[in-house]
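For reference, the chains in residue letters:
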Amino acid sequence: MASNVEKEPGPQEPTATSAPSTPEEPEKKKREYKDFGHEEEGPTHANVDMSTIQLRAEDLYDREKVDLETIVMDDAFKLLQCDENGLTKEEATRRLEIFGPNKLESEEQNAFLQFLSFMWNPLSWVMEGAALVAIALSNGEGQPPDWQDFVGIVLLLFINSAIGFYEERNAGNAVKALMDSLAPKAKVKRNGSWSEIDSAELVPGDMVSFKIGDIVPADCRLTESINVSIDQAALTGESLPQSKKVGDQCFSGSTCKQGEAEGVVISTGANTFFGRAASLVGQDDDTTGHLQKILAQIGSFCLVSIGIFVILEIVVLYPRFHYTYRRGLNDILVLLIGGIPIAMPTVLSVTLAVGAQQLAKHKAIVTRITAIEELAGVTILCSDKTGTLTTNKLTIDRNTIKTYGPFSADEVILFAAYASRTENQDAIDASVVAALGDVSKARAGIKLLDFKPFNPVDKRTEITYREESSGKLKRVTKGMTGIIIELCSRNKSEELENKLEADVEEYATRGLRALAVAYEELDGDDHEAEGNGFELIGLLAIFDPPREDTKQTIDDALALGVKVKMVTGDQLAIAKETGRRLGLGDHMYPAKVLKDGPAPGGKHATLDEMIMDADGFAGVFPEHKYEIVKRLQGLGHLCAMTGDGANDAPALSRANVGIAVEGATDAARGAADIVLTEPGLSTIVHAIRGSRIIFQRMRNYSIYACAVTIRIVVCFAILAWVYQFDFPPFMVLIIALLNDGTIMTLSVDRVLPSNTPDSWDLAEIFAYAVAYGLYLTLSTVILVVIILESNFFQNKFGVTLLTSPVDPNDEQLHAIVYLQVAIISQALIFVTRSHGFFFMERPSFALMGAFCVAQLISSIIAAYGNWGFTDMHGISGGWIGIVWVWNIVWFIPLDWIKFAMKYTIIKSLRQRHEAAAAAATRATSQSEGVPMTRTTSRAASIHESLYSNRVSFIRRAARKVGFGGRVSIKPDELTRFSSHQMQASGQTLARHPSRTAA
């Protein structure tokens with residue numbers, strides 16, 4: 001095989017690999033810049049008799065027996081029972097059954113179990129209990145079971161579940177279709193010939209090939225290598241690629257940046273390098289999201305309210321008024337059916353599902369639907385640098401080019417491009433040629449006579465060419481600063497060396513990598529002859545530039561109240577320079593402060609204070625990113641984390657909202673809650689705004705649902721106690737059904753997003769709900785009192801009722817109360833959805849249309865609902881008109897109640913909340929730090945998990961029927977996951993102790 005050619009490092013490179021240095025080093029070591037790299041590990045052998053190692057995962061990946069990553073190649077082929085001719089199709093099929101597909105399996109769920117999960121929460125349990133009461137306990141007194149209420153309740157449950165299931169299933173299918181469309185391909189040798197297959201079908205022992213631009217499809221050992229350079233930024237977060245030779249391992253998900261190679265697959269799927277890193281990516285099965293916590297608390301409020309009044313009814317109605325068993329049971333059913341916001345989980349689920357589809361239009365694919373609600377409340381966005389804030393593509397910084405001879409900066413770039421490959425380029429050659437703007441200029445006007453590519457000994461490239469315009473022979477070289485200056489015999493001087501050293505140091509402090517360029521002319525026509533001596537003509541600065549839209553995105557995020565912090569595995573100086581260019585700030589710290597804490601006597605008293613103040617952290621490993629997110633959450637922040645590599649997966653999973661940017665690895669996409677399909681971060685701003693719109697819809701509904709609960713239970717309990725008024729349970733079902741149908745349209749309602757992060761202040765929601773609920777109760781009670789205690793309406797408008805004097809349980813009175821409750825309760829949504837007067841914020845056409853249809857149906861039912869089993873009789877148009885006017889009169893002051901609450905009780909609650917938050921902050925600053933508990937997003941409790949559609953019993957049942965599954969690894973594997981970064985950093989710091997000061 002041709003020898004492997006490593007990529008060309010700049011003298012300041014902190015992240016590339018290099019071969020061992022030669023014995024002769026330049027005299028001035030301060031000008032010799034070694035690049036970061038991995039020390040070569042010698043081949044190993046099996047720790048046990050190889051004949052005892054069978055072709056199965058338990059043996060091949062037991063590192064106490066053998067390490068397939070470092071074992072000699074001949075032994076690797078023996079253990080994998082294969083050769084360089086590849087496997088047969090039959091053997092590959094057999095191995096696919098043994099090792100499974102080459103992908104990180106996502107948990108799938110049986111559709112029927114998913115449907116049932118919508119009926120598994122305390123709110124649904126109460127309704128299911130009410131159904132059992134109607135069918136099983138409502139016997140006696142010569143009456144049959146209450147079939148009508150039973151069927152109505154079951155129908156209501158099924159309608160809500162069906163809508164939620166349909167919307168969520170649609171959202172899930174959309175994501176699955178996207179992921180399927182992103183399925184990578186692999187070139188594999190089967191039955192002795194090459195073919196292309198889905199990389200998911202690869203198995204250990206397969207022979208694969210890849211070339212420049214390809215994604216490495218599985219962990220493999222190279223059997224052939226031609227100038228191979230692999231970009232492992234997705235694994236390490238570092239900018240420059242690594243050179244690979246025969247026998248080296250290439251990791252699944254890394255990218256081939258140069259050359260072509262063949263290799264044997266040693267591990268697939270969950271056994272790959274980043275497959276094993278899945279230990280932090282969703283360790284907990286019984287976890288719940290932030291929204292489930294809120295649902296639990298709102299549900300508790302409703303259940304406690306209902307429970308109190310149910311107990312009071314039992315205590316009052318039976319002993320005091322001697323209610324019969326069946327009559328009292330019907331009154332209790334009214335409270336259970338009417339008070340439970342049975343549609344709440346479904347309404348919120350539909351709102352989120354519709355919101356997910358809207359976000360998809362902005363190229364943001366939601367993989368965990370409740371992450372939308374959490375994104376609305378995010379206060380801190382932790383962003384990876386390489387490939388996220390930056391392009392992950394090296395570029396020449398034209399503004400900082402240094403010149404030392406008679407040539408201009410543009411001419412220096414042109415000369416450097418001459419000394420670069422135009423095909424099969426490494427990262428630096430590509431950046432130099434790209435700086436020309438037109439690749440053809442790199443060979444225009446010259447005739448190539450000789451080209452020496454970069455090699456780890458000379459550490460430079462060199463071209464000899466004939467200039468077509470003059471016919472002269474010329475030579476250009478570019479490469480490591482210390483090497484190039486030693487060649488420059490024509491203009492080398494102490495003054496020039498000092499200037500060059502100062503320029504290189506300036507680049508280093510700004511995180512720029514230096515590339516020196518020199519030039520000489522040749523006398524005669526022998527292109528192999530010595531020239532007249534090299535002359536240093538320029539110094540190029542190489543860096544990974546920010547994406548074009550990143551600065552605007554960060555500004556937009558700050559305007560939305562979201563602070564952005566950079567968290568990168570790259571060098572501190574590079575992180576600071578990137579921060580300055582983006583306007584992010586340069587208050588950045590090395591990762592070691594996360595362990596050592598702030599310096600004594602510094603401006604930060606605690607580590608938490610330092611983390612909050614920092615603009616970012618550099619040189620971090622996966623566990624550092626995880627720790628940063630964890631501490632920020634411990635300080636009470638909802639945290640979003642962006643990333644694209646497998647090394648970001650643990651923090652993506654830990655964050656409240658993990659965001660995988662465009663081009664992310666399978667591991668990052670699997671750990672993320674939102675997957676971006678468009679480059680850059682601008683999509684995140686759209687997603688934040690969209691999530692806040694969705695949040696407002698959910699908050700509006702929550703106030704409405706709680707208010708209706710108070711309104712139903714208090715109203716009908718008071719009427720029962722005062723007048724022994726027995727409202728028919730079936731009519732409450734009708735109210736609930738029409739309400740739910742109308743409220744579903746809130747998922748597309750027009751609302752304005754907040755300019756600050758949203759949060760669930762449940763005290764506010766409950767305060768508004770109680771105020772609205774009691775006011776609406778008053779509107780109904782006063783109407784009933786006027787009808788029962790006077791003949792005002794009969795005398796004034798000439799209307800009549802069936803009984804005279806009016807009986808509290810007059811069937812027409814039931815119809816009047818039904819219509820009054822149905823209309824004004826539903827109209828409340830127009831008050832809760834607006835911040836000002838209800839008529840100042842136009843609702844969506846869907847909401848307005850649904851409201852009008854529901855009220856038309858309610859009015860028709862009130863007029864013609866002569867159903868014997870409902871204890872209701874149709875009323876005249878006069879009564880319908882009276883009820884409408886009555887409701888309009890009572891509706892108008894609702895806005896004033898809202899304003900009065902906002903400037904009294906709500907204002908007081910907010911002041912108290914702010915004072916408590918300030919006290920907590922002071923307490924934290926005086927302590928050693930915050931407790932590292934999972935207080936947000938993933939924190940679980942039994943009660944909260946009951947509101948998750950993916951509850952634990954559903955998961956267990958799904959696994960019993962063959963669905964789902966988690967990847968689990970030992971804790972020491974996580975350490976190994978970042979060992980490559982730690983090893984590289986440790987070796988470099990050992991060679992350059994001065995850099996530890998950074």
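Since this is a predicted model, take the numbers as computed values, not measurements. (Residues numbered from 1 in each chain as written. Predicted model: local features only at pLDDT ≥ 70, side-chain atom pairs only at ≥ 80, totals over all residues. Heavy atoms only, no water.)

1. Quick word on helix H3 (residues 89-99)
- Listing the buried residues of H3 in full gives Ala92, Arg95 and Phe99. Along the long axis of H3, the arc covered by the buried residues comes to 65 degrees, so they all point the same way. Those residues of H3 that are exposed and aimed more than 90 degrees away from the buried face are Glu90 and Glu97.
- Two residues or fewer past H3, Gly100 is found with a positive phi of approximately 80 degrees. (Buried < 20%, exposed > 50% of the residue type's maximum accessible area, 1.4 Å probe, protein only. Helix = DSSP H or I, 4+ residues; strand = E, 2+ residues; numbered from the N terminus. Arc of directions from axis to C-beta.)

2. Describing unusual backbone geometry
- With an omega dihedral of -5 degrees, the bond running from Ser804 to Pro805 counts as a cis peptide bond.
- Tracing the chain through its elements places Pro805 in the loop between helix H27 (792-797) and helix H28 (811-832).
- At Gln724, a residue that is not glycine, the phi angle is positive and equals roughly 50 degrees.
- Along the polypeptide, Gln724 turns up in the loop between helix H24 (682-723) and helix H25 (729-743).
- The backbone of Asp871 shows a phi angle near 55 degrees, a positive value even though the residue is not glycine.
- On the secondary structure map, Asp871 appears in the loop between helix H29 (845-864) and helix H30 (877-891).

3. Remarks on the environment of Trp721
- Checked against the element boundaries, Trp721 lands in helix H24.
- Here the alpha-carbon distance between Trp721 and Val316, two residues 405 residues apart in the chain, equals 7.2 Å.
- Ignoring anything within four residues of it in the chain, the contact list for Trp721 reads Phe309, Leu312, Glu313, Val316, Leu317 and Phe321. (Contact = heavy atoms within 4.5 Å.)

4. Here we look at the pattern of salt bridges
- The tally for this structure, following the rule as stated, stands at 38 salt bridges.
- Lys474 serves as the salt-bridge partner of Glu467, at 3.2 Å between the closest nitrogen and oxygen.
- Assessed through its relative accessible area of 9%, Lys474 is described here as buried.
- Between Glu577 and Arg581 there is a salt bridge, with the nearest N and O atoms lying 2.9 Å from each other. Of this pair, Glu577 and Arg581 both sit in helix H18 (residues 572-582), 4 residues apart, roughly one helical turn. (Salt bridge = Lys/Arg side-chain N within 4 Å of Asp/Glu carboxyl O.)

5. Here's the deal with the nonpolar core
- Counting residues in each nonpolar core, the largest one holds 155 residues, and the members touching the most others are Tyr701, Phe716 and Tyr818.
- A total of 23 residues in this core trace back to one element, the largest contributor, which is H24.
- For Tyr701, the residues in contact, after removing those within four places along its chain, are Pro341, Ala343, Met344, Val347, Leu348, Ile743 and Leu746. (Core = buried A, V, L, I, M, F, W, Y, C linked by side-chain atoms within 4.5 Å.)

6. Remarks on the packing of helix H26 (residues 762-789) against H28
- Across the interface, H26 lies against H28 with an axial gap of 11 Å and an inter-helix angle of 155 degrees. Taken together, the axes of H26 and H28 lie roughly antiparallel to each other. Two packed elements cross with a definite hand, and for H26 against H28 that hand is right-handed. Seen from H26, the contacting residues are Tyr772, Leu776, Ser779, Thr780, Leu783, Val784, Ile787 and Leu788; seen from H28, they are Leu813, Ile816, Val817, Gln820, Val821, Ile824, Ser825, Leu828, Val831 and Thr832. (Axes fitted to C-alpha atoms, helices over the stretch in contact; angles between N-to-C directions. Parallel < 35°, antiparallel > 145°, perpendicular 65-115°, else oblique. Left-handed = near helix turned anticlockwise from the far one by under 90°.)

7. Topic: the packing of aromatic side chains
- According to the stated counting rule, one finds 29 aromatic pairs in the structure shown.
- For the pair Phe725 and Phe727, a centre-to-centre distance of 6.2 Å together with 20 degrees between the ring planes defines the contact as stacked. Just as Phe725 is buried, Phe727 falls in that class too.
- Here a set of aromatic residues connected by ring pairs shows up, and it is made of Tyr775, Phe792, Phe793, Phe797, Trp879, Trp886 and Trp890. (Phe/Tyr/Trp six-rings, centres within 6.5 Å; stacked < 30°, edge-to-face > 60°.)

8. Focus: the packing of helix H9 (residues 325-339) against H25
- The N-to-C vectors of H9 and H25 enclose an angle of 10 degrees; their axes lie 8 Å apart at closest approach. In terms of orientation, H9 and H25 fall into the roughly parallel class. For the pair formed by H9 and H25, the contact residues are Asn330, Leu333, Val334, Ile337 and Gly338 on the first element and Pro729, Val732 and Leu733 on the second.

9. Examining the sheet that holds strand E21 (residues 657-660)
- Within the open sheet, the 8 strands sit side by side as E8-E22-E21-E20-E9-E17-E19-E18. Their pairing is mixed. Taken across any chain shown, the strands that pair with only one partner, and hence form the sheet edges, are strand E8 (364-366) and strand E18 (588-590). Within the sheet, the average angular offset between the axes of one strand and its neighbour, ignoring direction, is 20 degrees.
- With 4 bridges joining them, strand E20 (residues 639-643) and E21 adopt parallel strand pairing. Bridging from a neighbouring strand, Thr642 pairs with Ile659 of E21.
- Across the sheet, H24 touches E8, strand E9 (380-383), E20, E21 and strand E22 (674-676), and the angle it forms with E22 is around 140 degrees. (Pairing = 2+ DSSP bridges.)

10. A short note on the pairing of strand E13 (residues 460-467)
- E13 sits mainly inside the fold: 6 of its 8 residues count as buried.
- Judged from the 6 bridges that link them, strand E12 (residues 446-452) and E13 form a sheet pairing that is antiparallel. Note that in E13 the partner of Lys447 across the bridge is Arg466.
- Bridging between E13 and strand E14 (residues 473-479) involves 7 bridges; their strand directions are antiparallel. Bridge pairing in E14 links Tyr465 to Lys474.
- Counting the residues in the hairpin turn of E13 and E14 gives 5 residues, including Gly471, whose phi is positive at 80 degrees.

By themselves, these observations are geometric and do not establish any function.
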